[in-house]
Amino acid sequence: MDIQQIENETLVPMYAKRDIALVRGEGYYLWDSEGNRYYDFASNYGVNILGHSHPAITNAISQQASTLISCHQSFYNDVRAKYLQKLSEKLPEGLDKVFFCNSGTESVEAAIKFARAATGRSRIIATKRGYHGRTYGALSATADKKYREPYMPLVPDFEHVPYADLEALERSLSEDVAAVILEPVQGESGIYPAPKEYLAGVRAATRKFGALLILDEVQTGFRTGKYFAFEHYDIVPDILCLSKAVANGFPMGLTITSRDVASRLPAGTHGNTFGGNPLACAVALVVLEEIDRGDLLSNAANMGAYLIDRLRSMNSPVVREVRGLGLMIGVELKDRPTKYLRLLQERGFIALPAGATTIRFLPPIVIDQQAIDALIEVFEEVLTAQNFVRS
Ligand SMILES: *Cc1c(COP(=O)(O)O)cnc(C)c1O
């Protein structure tokens with residue numbers, strides 16, 4: 001069987017394909033169909049937070065699969081209730097009500113609908129460079145022209161203001177704004193952590209106009225050294241979107257709102273067939289248990305700081321800037337990232353691009369110093385191998 005040929009001939013061509021077929025994983029290692037081993041510094045765009053083939057995850061899936069896979073939310077379910085109880089322990093006061101779905105874009109879609117329905121207003125302010133997904137509502141909040149233009153017209157009443165510019169946001173805010181939506185660390189566009197005063201300012205400004213604050217933590221959730229990136233900023237949003245890491249790669253999305261927002265929603269007006277299924281909930285429960293058991297948020301904070309430190313001390317002429325929070329890290333280059341990613345891959349390391357010029361590292365939060373040291377050794381060599389000439 002020629003794996004690559006079948007996929008190339010049969011798939012709608014929506015992805016820039018990388019020329020290996022991944023067939024197996026264990027911990028922070030992956031193997032391709034030829035038997036080559038890779039260090040996984042991408043975790044499938046941030047989903048496999050506990051690494052691959054984690055025994056507790058495998059066990060939860062097989063146990064729950066042999067008990068009950070689906071249970072529509074018009075019925076109650078024990079595993080769902082147990083997960084909600086555990087999740088509530090992690091959430092601050094002010095984020096009390098959970099809506100289940102199956103992906104990041106769906107969690108954003110629900111957030112936008114909820115904000116409009118709860119406020120009776122239509123305008124949504126998003127940010128330049130923001131990424132929120134590909135369904136129509138989420139795409140309307142996404143900034144990148146490349147994703148938007150082929151699918152015009154989008155949902156009306158969306159506007160994009162520069163990120164980390166509080167004055168620009170304040171100029172656009174008014175009493176007809178339903179919500180401001182942004183990522184506490186912009187992910188897809190290049191890893192830009194929000195300055196501390198900015199998010200505090202956004203929180204105050206949205207309150208002043210009665211607009212809701214939606215934080216899209218689909219990528220930041222469970223990865224920055226705390227459960228939620230907003231905990232670094234001492235604020236609480238009105239609506240929180242989660243997805244990628246919450247069930248370690250099993251599809252799941254969550255839209256979490258305040259009691260007040262939830263009470264203003266007309267019952268029965270949004271829904272989702274697979275959302276909150278016992279299989280996803282069983283996996284998500286184990287993710288929370290394993291993070292606590294292994295103190296993995298501390299590991300993410302420590303290893304993130306270590307990786308950023310090592311990257312900053314590389315002192316390569318190709319590197320423009322290293323940015324990050326916890327284990328969400330970007331190395332902005334003075335060059336396009338593709339050939340460097342390719343060289344890393346050839347040497348056994350999988351990383352990701354972000355924006356036009358950034359290499360992104362989203363390793364599992366079980367990563368250790370040995371793996372980081374191995375990466376740095378190879379990355380330094382890859383950056384010099386290119387004979388980059390300063391322009
Ligand atoms: C990945 C991502 C999404 C979209 O998630 P999908 O599961 O691909 O729909 C939305 N928002 C942010 C911040 C993301 O990183």
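Please read these numbers as outputs of a predicted model, since none were measured by experiment.

A. Broad picture of the packing of helix H3 (residues 55-65) against helix H11 (residues 278-293). Two elements in contact, H3 and H11, have axes whose closest approach is 9 Å; the angle formed by their N-to-C orientations is 155°. In terms of their interaxial angle, H3 and H11 are classed as roughly antiparallel. Crossing of H3 over H11 shows right-handed handedness. Residue-level inspection shows Ala 56, Ile 57, Ala 60, Ile 61, Gln 64 and Ala 65 of H3 in contact with H11, the latter providing Pro 278, Leu 279, Ala 282, Val 283, Val 286, Val 287 and Glu 290. Tallied by class, residues from the contact of H3 with H11 come to 11 nonpolar, one polar and one charged.

B. Highlighting the site of the ligand. Close to the ligand lie Ser 103, Gly 104, Thr 105, Tyr 131, His 132, Gly 133, Glu 183, Asp 216, Val 218, Gln 219 and Lys 244. Gly 104 places a polar main-chain atom, nitrogen or oxygen, 2.9 Å from an oxygen atom of the ligand. Tyr 131 places a polar main-chain atom, nitrogen or oxygen, 3.4 Å from a nitrogen atom of the ligand. For the ligand, whose free accessible area comes to 380 Å², the fraction covered by protein is 82%. Class assignment for the residues of the shell around the ligand results in two nonpolar, six polar and three charged.

C. Examining the nonpolar core more closely. In this structure, Phe 41, Tyr 83, Phe 222, Leu 311 and Phe 361 are the most contacted members of the largest nonpolar core, which totals 101 residues. Looking at this core, the element that brings in the most residues is H11, giving 10 residues. Residue assignment places this core across two domains, with domain 1 (3-54 + 295-385) and domain 2 (68-293) each supplying three or more. Residues contacting Leu 311, with those up to four places away along its chain left out, are Val 322, Ile 329, Val 331, Phe 361, Ile 376 and Phe 379. Formed by 23 residues, the second largest nonpolar core is a distinct cluster that contains Ala 138, Ile 181, Leu 212 and Val 218.

D. Region of the structure containing the UniProt feature "binding site: pyridoxal 5'-phosphate" (unreviewed entry) in the protein. Following the UniProt record, the feature "binding site: pyridoxal 5'-phosphate" (unreviewed entry) maps to Gly 104, Thr 105, Asp 216, Glu 217, Val 218, Gln 219 and Thr 273 here. Across 170 residues of sequence, these annotated residues are also dispersed in space, with a maximum C-alpha separation of 23.6 Å. Here Val 218 is to be found in the loop between strand E10 (212-216) and strand E11 (239-242). Val 218 sits in the buried class, given a relative accessible area of 9%. Discounting chain neighbours no more than four positions away, the residues touching Val 218 are Gly 104, Ser 107, Cys 241, Leu 242, Ser 243 and Lys 244. Considering the arrangement of structural elements, one finds Gln 219 in the loop between E10 and E11. Take Gln 219: its relative accessible area is 7%, and that puts it in the buried class. With sequence-adjacent residues up to four places away left out, Gln 219 is seen in contact with Gly 187, Glu 188, Lys 244, Met 328, Arg 360 and Leu 362. Here the side chain of Gln 219 touches Glu 188 through a polar contact of 3.0 Å, side chain to side chain.

E. Highlighting unusual backbone geometry. Going from Met 152 to Pro 153, the amide bond is cis rather than trans, its omega being 0°. On the secondary structure map, Pro 153 appears in the loop between helix H7 (145-148) and strand E6 (158-161). The phi torsion at Ala 164 lies on the positive side, around 65°, for a residue other than glycine. Among the secondary structure elements, Ala 164 is positioned in the loop between E6 and helix H8 (166-172). In this model, Asp 295 sits at a positive phi of 50°, which is unusual for a non-glycine residue. For Asp 295, the position within the fold is in the loop between H11 and helix H12 (296-312). Taking the relative accessible area as the measure of exposure, Asp 295 reaches 46% and is therefore partly exposed.

F. Region of interest: the sheet that holds strand E1 (residues 22-26). Read from one edge to the other, the open sheet built from four strands follows the order E1-E2-E3-E15, with strand pairing classed as mixed. Every interior strand has two partners, whereas the edge strands, E1 and strand E15 (349-350), have only one. Alignment of E1 against strand E2 (residues 29-32), held across four bridges, turns out to be antiparallel. Residue Arg 24 lies in a different strand from E2, and its bridge partner there is Trp 31.

G. Main features of the pattern of salt bridges. Tallied over the entire structure, the rule returns 19 salt bridges. Salt-bridge contacts for Glu 159 lead to Arg 123; the nearest nitrogen and oxygen are separated by 2.6 Å. With Glu 159 in strand E6 and Arg 123 in strand E5 (residues 123-127), the pair connects residues that are 36 residues apart, well separated along the chain. A salt bridge links Arg 360 to Glu 188, with the nearest nitrogen and oxygen atoms 3.0 Å apart. With Arg 360 in strand E17 (residues 358-361) and Glu 188 in the loop between strand E8 (185-186) and strand E9 (192-193), the pair connects residues that are 172 residues apart, well separated along the chain. When sorted by exposure, Arg 360 lands in the same class as Glu 188, which is buried. Connected through salt bridges with shared partners, the residues Arg 320, Glu 321, Arg 323 and Glu 332 form a single ionic network.

H. Here's a closer look at the UniProt feature "binding site: substrate" (unreviewed entry) in the protein. Mapped onto this numbering, the UniProt entry gives "binding site: substrate" (unreviewed entry) at Arg 134. Relative to the assigned elements, Arg 134 resides in the loop between E5 and helix H6 (136-141). Contact partners of Arg 134, with chain neighbours within four places excluded, come to Thr 105, Leu 139 and Tyr 147.

I. Focus on the domain arrangement of the protein. As assigned here, the protein comprises domain 1 (3-54 + 295-385) and domain 2 (68-293). Measuring from the centre of the C-alpha atoms in domain 1 to the corresponding centre in domain 2 gives 26 Å. On the side of domain 2, 30 residues touch domain 1, which itself brings 31 residues to the contact. Put simply, domain 1 and domain 2 have one salt bridge between them. At the boundary of domain 1 with domain 2, the tally comes to 16 residue pairs in polar contact (both at pLDDT 80 or more). Of all the secondary structure elements, the ones that give two or more residues to the side of domain 1 that touches domain 2 are helix H2 (43-46), H12, strand E13 (319-325), strand E14 (328-333) and E17. Partitioning the side of domain 1 that touches domain 2 into residue classes produces 17 nonpolar, 10 polar and four charged.

About the criteria used
- Residues numbered from 1 in each chain as written.
- Predicted model: local features only at pLDDT ≥ 70, side-chain atom pairs only at ≥ 80, totals over all residues.
- Heavy atoms only, no water.
- Axes fitted to C-alpha atoms, helices over the stretch in contact; angles between N-to-C directions.
- Helix = DSSP H or I, 4+ residues; strand = E, 2+ residues; numbered from the N terminus.
- Parallel < 35°, antiparallel > 145°, perpendicular 65-115°, else oblique.
- Left-handed = near helix turned anticlockwise from the far one by under 90°.
- Contact = heavy atoms within 4.5 Å.
- Nonpolar A, V, L, I, M, F, W, Y, C, P; charged D, E, K, R; others polar.
- Near = heavy atom within 4 Å.
- Polar contact = N/O pair within 3.5 Å; in protein donor to acceptor, adjacent residues only side chain to side chain.
- Areas by Shrake-Rupley, 256 points an atom, 1.4 Å probe, with all protein chains shown as cover.
- Core = buried A, V, L, I, M, F, W, Y, C linked by side-chain atoms within 4.5 Å.
- Buried < 20%, exposed > 50% of the residue type's maximum accessible area, 1.4 Å probe, protein only.
- Domains from an automatic or database assignment.
- UniProt positions renumbered as here; feature names shortened; annotations may be inferred.
- Pairing = 2+ DSSP bridges.
- Salt bridge = Lys/Arg side-chain N within 4 Å of Asp/Glu carboxyl O.

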